[in-house]
Structures are given as C-alpha cells and as structure tokens.
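Working through the structure, step by step
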Amino acid sequence: MKVLAIVLAGGQGKRMKSKRYKVLHEVAGKPMVGHVLRTVQEANSERTVVIVGHGAEAVKTYLGDQAEYALQEQQLGTGHAVQQAEALLAGEEGSTIVICGDTPLVRSETINAVLELHRSSGAAATILTASFDDPTGYGRVIRGEDGAVVRIVEQKDCSPEEARVQEINTGTYIFDNRKLFAALAKVTNENSQGEYYLTDVVGIFRNDGETVQAYCTSDLAEAIGVNDRVALAEAEALMRARINRKHLLEGVTLIDAASTYIEADVRIGADTVIYPGTVLRGSTVIGEDCVIGPNADIQNAEIGNGVTIKYSVIAESVVGDDSSVGPYANLRPGSKLGVGCKIGDFVELKNASLDDGSKVSHLSYVGDAIVGKDVNIGCGAITVNYDGFNKFVTEIGDNAFVGSNVNLIAPVKLGDGAYVVAGSTITHDVPSGDLAIARERQVNKPGYADKIRARAKAKKANNKK
Ligand code: UD1
Ligand code: CA
C-alpha cells in the first residue's frame, strides 16, 4: 500500500526564544525538519507534504524539492495544520505518516514497525507512544479497561488522574489517509488552548467504531519533541551518542566518544582513529586508516585514506591519501592536497592546490596558488597574493624549491625545478631550472663587532651621568 507523509512545521516555536524558526534549529548540524524528512524518505514515503507557516520561505528554501508544501496561514492547531494537506492528498488511498518537524530523533525503523502494526491490525490510526517517568508537557494516551486506546488528552486539558498517565503521544502517527481527512472535519477547538487538535481524531475514530492502535517505543529519545533549548540540548546529546555508536559499529575508533562531535551526514572509513576534541561537520567524508585529532575541526572536507590531522582547522578542502596536516594548520576553503603532501605547523592555505608529494612544513601562507609535484616551500615563505584591491595567483612548477622567508609577489610563476634562495623577494617569473636570488649582498666588517659594543657601552655610561 502507498505510503504518504505529512510533516508539521507551521508553528512558531515561541519557547525557543529565537529569531530562527523552530524546525530549522539544528541537531547534530542538521535542521530538525531535515532529520524528519530523511526519516520519512527512509520509510519510503511516495509523497511528502510539509505544512509551513511561520518562516515558510526559509523552510522551503532549505528543503527545496524534497517535498510538496501546504501553507497554513494561521496556526490554529495541529489538526488544522494537517487539514492544509487535504487539497494535495485527499484523493490518495494509502497510509499517511503524520510527524512533527520538532521530533528529530524518530527513526525510520520505528516508523516501519508502526506501519507494520497499522496494516496488520487494520486500524484507522496507529500512534507511536512512549512511557515517560515524567510525562509533563506531552499529550497522554488514555486506554480503556480492555487496554485499547480511547483518546489522547493534552497536558493542559488533563484531569489530575489523566495527568498521572505515563504513556505519552510522541506526535508521530500512521493514519488511513481517507479516514484521516474525514475525521478532521469533525474536530472542534473546544479545549483549553482553543486549538484544533489532531489528537482529537483518536476519540472521533473510537466513537465511529474504528480501531486505534498504539505502538510503544522503548527508545525514549524518539519521543523528544523539541519545544525549548533545554530539549534541544537533550536532543543534541542523544543524537550525538546515536551517531557515534553508528560509527563505532562500522569500525571507527573513538578514543573518547563523549568529546567527539560528529554531525549527521559525515562519513568515516573503517580503522580510522579519532582523538578527543574533534569536530567533524557538514558533508565531510574521511577515508580509512586515518588518525584525526586531537582537536581537529573539519567542515565539508574530503579526506583520503591514511591521512593524519592534528590540532588543525580544515574547511571546504580536499586532502589526498597519506598526507599529513598540522599540528596547528589552517586549511581554508579551496585548499587541495594531492597524495603524500605535508602541511606543518602554523601554515595557512587558502584556495591553493598542492600536487603529490609537496611540502609546506612550517610558518607559511600559501594563498591563490597552484603548486606542482614534490615542491618544497621553506619555513616562513609566503605568497603575496593581495595588493589591497585584487587577488593574484602564484604558480609553482614541479620539483621547485622555495627557500625560507621568500616572498612570492603574485602574479608570479616559478618554472619546474626552479630554485629560489632564502630571503628573496620574487617579483618576476623564474624560468624552469633557474636559480633566483633577490636580496641584498652580505657585507662583513672585520672586527667591527667589538668596536660597536665599545661605542654602545660608552654611550650608556655617558647617559647615566
Ligand atoms: C503535540 C501533541 C501532543 C504530543 C506532542 C509530542 C497535539 C494537539 N498535541 O503537542 O499530544 O505529546 O506534540 O511532541 O497535537 N504545528 C503546526 N501548526 C499549528 C500548530 C503546530 O504546524 O497550528 C506544528 C509545530 O510546528 C510542531 C508540531 O506541529 O512541529 C507540534 O506542535 P507543538 O505546538 O509543538 O505541539 P505540542 O504542544 O508539542
Ligand atoms: Ca512539540
């Protein structure tokens, strides 16, 4: 049977006290609604409608064509929100997942289990529930004497007795699509919040003689609905633990999982070892047999196999196999290292490519540069790429040698095998195989060191008088 999905993302999220729209707050580096969308995609939803309201444009911009959208102009409650999908989905025959955009930890495995129960029992609705020691804030699942679900009561509408019920509504459900919209038409806003509650369809189904099932998850993380920053922090910690566990099971060693921060979409190869204080973000991909950290901050980067990265920052860059970076290197966007390169301490790269085997071992800035194979850039050498207005490119050929403390004033080109002696300021191209020297000749004055000391000493004595 066809699987459809409705994601509720129209509320404002006042309790977040934020300029940012609630479902766009990130958990493990990914907006909450992004996690939810991935989950329904994994559950094979054929059509997904996201209900947008507050921040509609921002949500649409983020999700793009991954979903269809229905605008809820006024936020009159979750039932009203689901009704906005009616124009798009009313004609469909199938099972509809309804899920909140603020429950980022629901897993597709669980949704599949709920779907399974829903189908095998022929229920009109199947609710994903959980049992909380402290159910405060959530809707309570009220069961009859026979154990069947009778209705859901919101916290604010609970009698003292109902408030003691620990089984809560996670806000994820499977509905028979046709029956869902038929029941929603009967929902009223006669409750303490004056809202049209989606949860009221449960009671409506019961009155109509339909069955309502509940699937109680034992993974309490799944039930977290993020309404404020306290819950956001909890969701973050739970998601991080889940992500770390996945990598551990896939053969990645985390020396201290508690101080390792890996965002949701990062991929890491087997036998890579990650030391504490490491933050791996965005779309970063790391190969096998790498040693990462301590203290590496890597964002949207592609790291090959057998790479070592220590105490360094890397963003939007590529590091080839068997290269090493750091300690204390900064690879800014557009850096690209080939195989077996070495970037040492206090080296900054920006928009610079180094071909295989090239080294920048210490204290250098290489920006807007194209560097060939097996090039050695000495300590303190810099590409002077900026005149205060424009950026210029430095090109360095294969096997070139750039001595220590060299300034390469771009635009400038060193040919293959060129050799620039230390301390030179290079303003003109150096042809292949040539040696360039661009510095003052040294002058030695015999015995002058003692003379200058004597003179300085006399001056000091004179000053004291
Ligand atoms: C809801 C459930 C509650 C459940 C809890 C689980 C109802 C009435 N209550 O409560 O039983 O325990 O989730 O987390 O459904 N939204 C809209 N339009 C609206 C109102 C809300 O799109 O008019 C969206 C929100 O953006 C949010 C989701 O629906 O993503 C849930 O709304 P929220 O106000 O957070 O509901 P809760 O009070 O948490
Ligand atoms: Ca909520």
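The structure contained in this document is the topic of the report that follows. Only a predicted model underlies this, so the values are computations on that prediction, with no experimental measurement involved. (Residues numbered from 1 in each chain as written. Chains lettered and ligands numbered in written order. Predicted model: local features only at pLDDT ≥ 70, side-chain atom pairs only at ≥ 80, totals over all residues. Heavy atoms only, no water.)

Turning to the site of ligand 1, a few remarks are in order. Contacts to ligand 1 come from 23 residues, most closely from Gly10, Gln72, Thr78, Glu154 and Asn169. In the environment of ligand 1, a nitrogen atom lies 2.7 Å from a nitrogen or oxygen atom belonging to the side chain of Gln72. Under a 2 Å grid-point criterion requiring more than half of the atoms, the pocket assigned to ligand 1 is the largest pocket. Going through the elements one at a time, strand S1 (3-9), helix H3 (78-83) and strand S10 (167-176) are the ones with two or more residues in the shell around ligand 1. Residue composition of the shell around ligand 1, grouped by class: seven nonpolar, 13 polar and three charged. (Near = heavy atom within 4 Å. Polar contact = N/O pair within 3.5 Å; in protein donor to acceptor, adjacent residues only side chain to side chain. 1 Å grid on protein atoms, 1.4 Å probe; cavity = no way out; pocket = protein on both sides within 12 Å on 5 of 7 lines; lining within 4 Å. Sits in = over half its atoms within 2 Å of the grid points. Helix = DSSP H or I, 4+ residues; strand = E, 2+ residues; numbered from the N terminus. Nonpolar A, V, L, I, M, F, W, Y, C, P; charged D, E, K, R; others polar.)

Ile303 and Ile343 are the most contacted members of the largest nonpolar core, which totals 61 residues. Sorting the residues of this core by element identifies helix H9 (229-249), strand S19 (296-299), strand S28 (348-354), strand S30 (365-371) and strand S36 (412-414) as the ones contributing at least two each. Among the elements that take part in this core, H9 stands out by supplying five residues, more than any other. Domain assignment of the residues forming this core places at least three in each of domain 1 (3-223) and domain 2 (245-436). (Core = buried A, V, L, I, M, F, W, Y, C linked by side-chain atoms within 4.5 Å. Buried < 20%, exposed > 50% of the residue type's maximum accessible area, 1.4 Å probe, protein only. Domains from an automatic or database assignment.)

Turning our attention to a nonpolar patch on the surface. On the surface, Tyr311, Tyr328, Phe346 and Leu363 cluster together to form a nonpolar patch covering roughly 410 Å² of accessible area. Among the structural elements, Tyr328 can be located in the loop between strand S24 (324-325) and strand S25 (330-331). Classification of Tyr328 as partly exposed rests on a relative accessible area of 43%. (Patch = residues over 30% accessible without salt bridge, like charges linked within 9 Å, V, L, I, M, F, W, Y side chains within 5 Å. Areas by Shrake-Rupley, 256 points an atom, 1.4 Å probe, with all protein chains shown as cover. Salt bridge = Lys/Arg side-chain N within 4 Å of Asp/Glu carboxyl O.)

In this section: the coordination of the calcium ion (ligand 2). The protein atoms donating to the calcium ion (ligand 2) are Asp102 (OD) and Asn227 (OD1), with metal-donor distances spanning 2.5 Å. Here Asn227 lies in the loop between strand S11 (212-217) and H9 and Asp102 lies in the loop between strand S6 (95-100) and helix H5 (108-121), a separation of 125 residues in the sequence. For Asp102, a relative accessible area of 12% translates into the label buried. Look at Asn227 and you get partly exposed, because its relative accessible area is 22%. (Donors = N, O, S within 2.8 Å, 3.2 Å for Na, K, Ca; no water.)

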